[in-house]
Amino acid sequence: MANLKVENLAKSYDGKTNILENVSFDVADGEFVSILGPSGCGKTTTLRIIAGLLEQTGGRVIVDGEDINNVPVYKRSFGMVFQSYALFPHMTVFDNVAFGLKMRKTTSSEAKKRVTEILKTTGLNDLADRYPAELSGGQQQRVSLARGLVIQPRILLMDEPLSNLDAKLRIQMREEIRNLQQKFKITVLFVTHDQEECFAISDKVLVMKNGRVEQFATPQKIYHQPATKYVAQFIGYENFIEVDEKLANNRFKTKNFEFTTLEESTEANFLTIRPENISLIADDQTGNQNELPGKIISAEYLGRDYRYQIKTDLGVFRVDEASKFQRGFGEKVLLSFPDKYLLPLKN
């Protein structure tokens, strides 16, 4: 286990285009941190620099107080789990898992003991003599995970390890990864583009955009208090109200409507609210504070909820309503925005 500190990490390939810019964050000993963001945001580049597979153009990577910028990959003692599994096709499961120990010149008796133990822990002991081609995708990923853990790494780095699995298996594997991480009390840095996946298993989440950190906080903090519009959009907020003027007492004005929030904000460019947190009232009167009249223009049945698109003077809002009965097309409604769910955001 180890503490990881990343300070002002920067990466540029041509001296002009910044792939990473001032990326800084800390991972505590035994903590599970995910880097979240879309393709091209810099999350894998960050991971590869930490691993020693890429050289940064600025900044430092510090492990347990030691600057490891000049430490070669094989001396960093990091485990690595790749999206592609990266298994040797000519080696059995046992030999694939033992490979890292062999490179570290671990004695054969110690290697056999540790590999046998990790195969049992990861549910692979009955597959030790099989080759990768004889395994399912989930089994191959489990082998990759076992290979990363068996070397007893200071930090385990995981790059989109579940993206090649189907939805059901992804859920099963993420639970296994979290259970193993907690069992071994290992420090993990996990890269993913899947918000649900990283929220389910992470202690903290680093949200990235265009090579920069947008927010670094607990999943709960990010979910309930996204720092910017970008973060809110990425984690599922769909309704945004552009702010024209900030008034006193957490009041915001846009066109002819006023909205109040519970959360204090010195500045805000937008207000946002999740679809399930808007209440619908069957009324076509002009809205009071935190109320907005509208008309239903579409409806979808989602099983537990109906999802409506409602046209208003401030644009189209998406609203999820838990009900047995569907509202009618063209029905006039009043949208109510509870102040505890309405959040002010910066750009």
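Structure: above.
Rules behind the numbers
- Residues numbered from 1 in each chain as written.
- Predicted model: local features only at pLDDT ≥ 70, side-chain atom pairs only at ≥ 80, totals over all residues.
- Heavy atoms only, no water.
- 1 Å grid on protein atoms, 1.4 Å probe; cavity = no way out; pocket = protein on both sides within 12 Å on 5 of 7 lines; lining within 4 Å.
- Points joined across faces, edges and corners; volume = space filled by probe spheres on them.
- Helix = DSSP H or I, 4+ residues; strand = E, 2+ residues; numbered from the N terminus.
- Axes fitted to C-alpha atoms, helices over the stretch in contact; angles between N-to-C directions.
- Parallel < 35°, antiparallel > 145°, perpendicular 65-115°, else oblique.
- Left-handed = near helix turned anticlockwise from the far one by under 90°.
- Contact = heavy atoms within 4.5 Å.
- Nonpolar A, V, L, I, M, F, W, Y, C, P; charged D, E, K, R; others polar.
- Phe/Tyr/Trp six-rings, centres within 6.5 Å; stacked < 30°, edge-to-face > 60°.
- Buried < 20%, exposed > 50% of the residue type's maximum accessible area, 1.4 Å probe, protein only.

> I tried to follow empty space enclosed by the protein on my own but got confused; where do I start?
Over the atoms a probe the size of a water molecule is rolled, and this reveals where empty space is left. In the structure shown here, the tally under the stated rule is one cavity of 30 Å³ or more. Each pocket or cavity is described by its volume, and for the largest cavity that value is around 40 Å³. Counting only elements with at least two residues in the lining of the largest cavity, the list comes to α4 (137–150), β7 (155–159) and α5 (167–184). Counting residues per element, the lining of the largest cavity draws most heavily on α5, at three residues.

> Is there a simple way to explain the packing of α4 against α5 in this structure?
Packed helices, taken two at a time, are described by the angle their axes make and the gap between the axes. Relative orientation of the contacting elements α4 and α5 amounts to 15 degrees, with a least axis distance of 11 Å. If you check the angle between α4 and α5, you find them roughly parallel. Crossing handedness for the pair α4 and α5: right-handed. Judged by residue contacts, G138, Q141, R142, L145 and L149 of α4 engage L169, Q172, M173, E176, I177, L180 and F184 from α5. A breakdown of the residues in the contact of α4 with α5 according to their chemical character gives seven nonpolar, three polar and two charged.

> Would you explain the packing of aromatic side chains in this entry?
Under the criterion given, the structure shown has eight aromatic pairs. Between F25 and F216, the aromatic rings sit 6.0 Å apart at their centres with planes inclined by 65 degrees, giving edge-to-face as the arrangement. Residue F25 is found in strand β2 (residues 18–27), and its partner F216 is found in strand β10 (residues 212–217); the two are separated by 191 residues along the sequence. Among the residues examined, F25 registers a relative accessible area of 3% and is labelled buried. Assessed through its relative accessible area of 27%, F216 is described here as partly exposed. Where Y230 meets F234, the ring centres are 6.2 Å apart and the plane angle is 20 degrees; that geometry is what we call stacked. Remark: F234 and Y230 occur in helix α8 (residues 229–234); sequence separation between them is four residues, near one turn of the helix. What makes F234 partly exposed here is its relative accessible area of 23%. Taken together through their ring pairs, the aromatic side chains of F259, F317 and F337 make up a single cluster.

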